[in-house]
Amino acid sequence: MTQVRTRFAPSPTGFLHIGSIHTALFAWLYARQQKGVFILRIEDTDNVRKVEGAVEAIMDDLRWLGLDCDEGPGLGGQHGPYIQSERLPLYKVAAQKLVDCGAAYKCYCSQERLEQLREFQTNNKLPPGYDRRCRNLTDAERAEKEKEGITPVIRFKTPLDGQTTIHDLIWGDVTFKHNTLEDLVLMKSDGFPTYHLANVVDDHDMQITHVIRAEEWMSSGPCHILLYNALGYEVPQFAHLPMMLGKDRAKLGKRHGSTSIGQFREEGYLPETMINFLALMGWSLDDKTEIFSLQDLIKYFTIERVSKTSAVFNHEKLEWLNGVYIRKLTPEEFAKKAMPFLERWLPESVKKPINPVYTGRVLALVQDRARTLKETAALTEYFFVDVYEYNSTDLISKGMDVEKTRQALTIAGERLAKQTPFDAASLEPMLRALAEELGLKAGQLFGSLRTAITGRTATPPLFQMMDVLGKERTLYRIQDAVKRLES
RNA sequence: GCCCCCAUCGUCUAGAGGCCUAGGACAGCAGCCUUUCAAGCUGUCAACAUGGAUUCGAAUUCCAUUGGGGGCGCCA
């Protein structure tokens, strides 16, 4: 059996889209599982949309996710170069071959004419498409056009009759009648190939066995098969993946908020989360399992279990899943990953760099509570800032009033001042006893203290926070709260 | 408009003729735990788009309708 070779072929037109990663993941998984080869190819045949630095960004994102490439730009491989703009001669030869054997033809129609044609078709509710005016030009007519100095494009001469069936690993057999297909442009007038030509030539040249791509390519599938045949190439296997949709069920795009993988990374989502989540969009193992590592996925992934239905991106579930992966981290790993986010998102007044030992202790208190790494900044802010705003009525617990609260906090402050050692284990019995002594429920006293030392009503456990904060700062904050109640 | 495809809880999905009184997860709700918030646990709400046909029997097969998506560029 021949070795499986799959590829991921993004265009360097900006940041890597989450939908592209979805495709990349499935192609990668199939290659890895089949002990095959995964190739990265850059499809930069659109000079207009090309973005500087995009190739590096793509490779960086893939690396971050753990999707390693066997062949690709800068990685070597027997079938390079892996950047299409460096492969132009190949496409020219292929296109010329097709023209020579009569499978393609030169088209001299101007873009203006095509636009007018399309406008007319739209206005008259006709199917848009090229009217094949140049398909049967005589040699004399062609010579005439050449003399005018028009640079032609090369179009594929799609058969007028018959049909082509694409055997898709996911969709089964899908048949298209040739008379619904167009005469695709293969070569643009700027000398660059279109996606269709470059893709077919490269997939053949790089010996791709399985073309795994998104469903949006389904309808150009028959054209590609026709092209493979015309060029005398063997047709690879196809697997068209279900798409990812936004909340409005439309193709996931800019209007749906964060859609580039980099944005999720910056928000503090872990690569494990993204991989696991994306794998579950259009694929499942069974009716129960939902946590999968990359290794698990390699083990269990099968194309047979990929669904045909496109999936709506569910941000809430992604957040939940990220929480699951954050909790799986060891405290050390978590601290290491969260630290940069704190450095970046903690208020400017906080002196940087922050102390790693202290920060580690702080982070240990919020690991169970954070759903993203970025969120740790908001969750721990009061550990780094001494002055903060809060509503002094939050100091007053249920069933208490200003005076009672002031007294309780004052006494608590006095007792805490005398307390040694000042650790969570010793603090708890002491304060519980104090609550009883004051005739308060534990929750009443603790609630006031919580607000006093954090300014918040929802925080990690009180005694652990006091422990981390230390005696001096704890006392200062309680005294400050008492002052607030006095004014 | 034309072509192709899809259709199970709000969302991701399990389900390949009897195991389905349709399972799991997120979200929601209720409760337990608990110093608050999380986490955890328990429970609850919630779906086979509609109409025909085949069959002893249909979420599962077939047809139609409806709804949704994708494509129809010298973009990929």
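Residues numbered from 1 in each chain as written. Chains lettered and ligands numbered in written order. Predicted model: local features only at pLDDT ≥ 70, side-chain atom pairs only at ≥ 80, totals over all residues. Heavy atoms only, no water.

A.B. asks: Explain the overall build of chain A residue by residue, including any values.
C.D. replies: Counting its regular elements, chain A contains 19 helices and 11 strands. The globule rule puts the C-alpha radius of gyration for 487 residues at 23 Å, and the 32 Å found for chain A is more than 25% above it. For chain A, the C-alpha atoms occupy an extent of roughly 105 × 50 × 40 Å along the three principal directions. Relative to its full complement of 487 residues, chain A shows a buried share of 50%. Positive and negative charge centroids in chain A, built from 62 and 65 side chains respectively, lie 2 Å apart. (Helix = DSSP H or I, 4+ residues; strand = E, 2+ residues; numbered from the N terminus. Rg over C-alpha atoms; globule rule 2.2 N^0.38 Å. Buried < 20%, exposed > 50% of the residue type's maximum accessible area, 1.4 Å probe, protein only. Lys, Arg positive; Asp, Glu negative; His and termini not counted. Charge placed at Lys NZ, Arg CZ, Asp CG, Glu CD.)

A.B. asks: Please provide a residue-by-residue account of the protein's contact with RNA strand B, values included.
C.D. replies: Around RNA strand B sit 65 residues in total, of which Trp171, Lys188, Arg369, Arg432 and Arg450 are the nearest. Ser11 places a polar side-chain atom, nitrogen or oxygen, 2.7 Å from a sugar or linking oxygen of RNA strand B. Asp287 is positioned such that a nitrogen or oxygen atom in its backbone is 3.4 Å from a base nitrogen of RNA strand B. Put simply, the parts of the chain that give the surface near RNA strand B at least two residues each are helix H4 (111–123), strand S4 (153–156), strand S6 (172–177), strand S11 (311–312), helix H11 (315–328), helix H17 (442–454) and helix H18 (462–469). (Near = heavy atom within 4 Å. Polar contact = N/O pair within 3.5 Å; in protein donor to acceptor, adjacent residues only side chain to side chain.)

A.B. asks: So what about the state of the cysteines? Which residues, and what values?
C.D. replies: Applying the stated criterion across every chain yields a total of 0 disulfides. Note on Cys107: no disulfide assigned, nearest cysteine sulfur contributed by Cys109 at a separation of 3.9 Å. Residue Cys107 is classed as buried on the basis of its relative accessible area, which comes to 1%. (Disulfide = S-S within 2.5 Å.)

A.B. asks: Describe the sheet that holds strand S3 (residues 104–107), and please don't skip the residues or the numbers.
C.D. replies: Where strands meet in a sheet, backbone hydrogen bonds hold them as pairs that are either parallel or antiparallel. A sheet is described by the order of its strands in space; here 3 strands give the open sequence S3-S4-S7, paired in antiparallel fashion. Of all the strands in the sheet, the pair left with one neighbour each is S3 and strand S7 (185–187). Mean inter-strand twist for the sheet, computed between neighbouring axes without regard to direction, equals 45°. Where S4 and S7 come together, 2 bridges link them in antiparallel fashion. Opposite Arg155, over in S7, you have Val185 as the bridge partner. (Pairing = 2+ DSSP bridges. Axes fitted to C-alpha atoms, helices over the stretch in contact; angles between N-to-C directions.)

A.B. asks: A description of helix H16 (residues 424–438) should follow, citing residues and the corresponding values.
C.D. replies: Taking 1.5 Å per residue as the helical rise, H16 with its 15 residues ought to reach 21 Å, and the 21 Å between its terminal C-alpha atoms agrees with that figure. Those residues of H16 that sit buried are Ala424, Ser426, Leu427, Met430, Leu431, Leu434 and Ala435. In an axial view of H16, the angular spread of the buried residues amounts to 155°, which keeps them on one side of the axis. Facing away from the buried side of H16 by over 90 degrees, the exposed positions are Ala425 and Glu436. Looking one or two places after H16, you find Gly439, whose phi comes out positive at around 75°. (Expected span 1.5 Å × (residues − 1). Arc of directions from axis to C-beta.)

A.B. asks: I'd like a rundown of the packing of helix H9 (residues 271–279) against H11, residues and numbers included.
C.D. replies: Two numbers describe how H9 lies on H11: the axes approach to 9 Å, and their chain directions differ by 130°. Our classification of the angle between H9 and H11 gives oblique. When the axes of H9 and H11 are compared, the crossing they make is right-handed. Residues Glu272, Thr273, Met274, Asn276 and Phe277 of H9 form the contact with H11, whose own contacting residues are Lys317, Leu318, Leu321, Asn322 and Tyr325. (Parallel < 35°, antiparallel > 145°, perpendicular 65-115°, else oblique. Left-handed = near helix turned anticlockwise from the far one by under 90°. Contact = heavy atoms within 4.5 Å.)

A.B. asks: Outline the side chain of Thr209, listing residues and values.
C.D. replies: Examined against the element boundaries, Thr209 turns out to sit in the loop between helix H6 (195–205) and strand S8 (210–214). One polar contact links the side chain of Thr209 to the main-chain amide nitrogen of Arg5, over a distance of 2.8 Å. Sequence-distant contacts of Thr209, that is, excluding residues within four places in its chain, are made with Gln3, Val4, Arg5, Pro236 and Gln237.

A.B. asks: Got a sec to walk through the pairing of strand S1 (residues 5–8)? Specific residues and values, please.
C.D. replies: Going residue by residue along S1, you find Arg5 and Arg7 tucked away on one face and Thr6 and Phe8 tucked away on the opposite face as well. Note: S1 against strand S2 (residues 37–40), 4 bridges, orientation parallel. Within the sheet, the bridge partner assigned to Phe8 lies in S2 and is Leu40. Handedness of the crossover is the feature at issue here: the chain leaves S1, passes through helix H1 (residues 18–33), returns alongside S2, and the resulting connection is right-handed. (Right-handed = clockwise from strand over helix to strand, strands pointing away.)

A.B. asks: Talk me through the pattern of salt bridges; I want residue IDs and the actual numbers.
C.D. replies: Scanning all chains against the criterion turns up 30 salt bridges. Note that Arg135 and Asp183 form a salt bridge whose closest N and O atoms lie 3.1 Å from each other. In this pair, Arg135 sits in the loop between H4 and helix H5 (139–147) while Asp183 sits in the loop between S6 and S7, placing the two residues 48 residues apart along the sequence. The residue Glu428 makes a salt bridge to Arg432 at a minimum N-O spacing of 2.9 Å. In this pair, Glu428 and Arg432 both sit in helix H16, 4 residues apart, roughly one turn of the helix. (Salt bridge = Lys/Arg side-chain N within 4 Å of Asp/Glu carboxyl O.)

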